[in-house]
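Here are the chains, one letter per residue:
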Amino acid sequence: MLLFLSSLKLVLEIALLSLSVVMTHTFSEFVTLRLLFGMVLAALPATAIAFLSRTVDASRLGRSVGLYIDGNAMGGMSGRLLAQALSEWMDWREAFALQ
């Protein structure tokens, strides 16, 4: 339960940092918040894999971790491509918020 709560806290921190990046007014604020966002986001895969190791049967753990990593890579890339396509029609802040 403690691992689940720490994972939930991490996801909420990432969501708040992502929304606060959209509300920046200067480039230095943007870079600072993106730096913090990257540092917090770096902890997510380790936490997720630790959570998987406690909740998934050992015989299926390798496949589960592989699917998580694959989904993470696909989601990350598709989010960037979608934001790039949307930035043609909307402000960068709106496209970034949808990413």
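Summarised in this report is the structure supplied together with it.

Reading the values: rules and limits
Residues numbered from 1 in each chain as written. Predicted model: local features only at pLDDT ≥ 70, side-chain atom pairs only at ≥ 80, totals over all residues. Heavy atoms only, no water. Helix = DSSP H or I, 4+ residues; strand = E, 2+ residues; numbered from the N terminus. Buried < 20%, exposed > 50% of the residue type's maximum accessible area, 1.4 Å probe, protein only. Areas by Shrake-Rupley, 256 points an atom, 1.4 Å probe, with all protein chains shown as cover. Core = buried A, V, L, I, M, F, W, Y, C linked by side-chain atoms within 4.5 Å. Contact = heavy atoms within 4.5 Å. Axes fitted to C-alpha atoms, helices over the stretch in contact; angles between N-to-C directions. Parallel < 35°, antiparallel > 145°, perpendicular 65-115°, else oblique. Left-handed = near helix turned anticlockwise from the far one by under 90°. Nonpolar A, V, L, I, M, F, W, Y, C, P; charged D, E, K, R; others polar. Patch = residues over 30% accessible without salt bridge, like charges linked within 9 Å, V, L, I, M, F, W, Y side chains within 5 Å. Salt bridge = Lys/Arg side-chain N within 4 Å of Asp/Glu carboxyl O. Polar contact = N/O pair within 3.5 Å; in protein donor to acceptor, adjacent residues only side chain to side chain.

Time to look at the overall build of the protein chain. Counting secondary structure elements, the protein chain contains 5 helices and 0 strands. Helices (α) and strands (β) of the protein chain occur, in sequence order from the N terminus, as α-α-α-α-α. Relative to its 99 residues, the protein chain shows a buried fraction of 19%. If you sum the accessible surface of the protein chain, you get close to 7200 Å²; carbon and sulfur atoms cover 70% of it.

A few words on the nonpolar core. By size, the foremost hydrophobic cluster in this structure holds 9 residues: Leu10, Ile14, Leu17, Val21, Val22, Leu33, Phe37, Val40 and Phe96. Elements with a minimum of two residues in this core: helix 1 (2-22) and helix 2 (27-41). Looking at this core element by element, the count peaks at 5 residues for helix 1. If near-sequence neighbours (up to four positions away) are discounted, Leu10 is found in contact with Val40, Ala43, Leu44 and Thr47.

Further remarks concern the packing of helix 3 (residues 43-55) against helix 4 (residues 61-86). The interhelical angle for the contact between helix 3 and helix 4, taken along N-to-C directions, is 150°, at an axis separation of 10 Å. As judged from the angle between their axes, helix 3 and helix 4 are roughly antiparallel. In this structure, helix 3 meets helix 4 at a crossing whose hand is right-handed. Where helix 3 abuts helix 4, its residues Leu44, Pro45, Ala48, Ile49, Leu52 and Ser53 lie against Leu61, Ser64, Val65, Tyr68 and Asn72. Here the residues of the contact of helix 3 with helix 4 sort into 8 nonpolar, 3 polar and no charged.

On the surface, Leu35, Leu36 and Met39 cluster together into a nonpolar patch covering about 300 Å² of accessible area. The topology assignment puts Met39 in helix 2.

Another aspect to go through is the side chain of Thr24. Tracing the chain through its elements places Thr24 in the loop between helix 1 and helix 2. Polar contacts involving the side chain of Thr24 include one to the main-chain carbonyl oxygen of Val21, which spans 3.0 Å. Not counting chain neighbours up to four residues away, the residues in contact with Thr24 comprise Glu29, Phe30, Leu33, Trp92 and Arg93.

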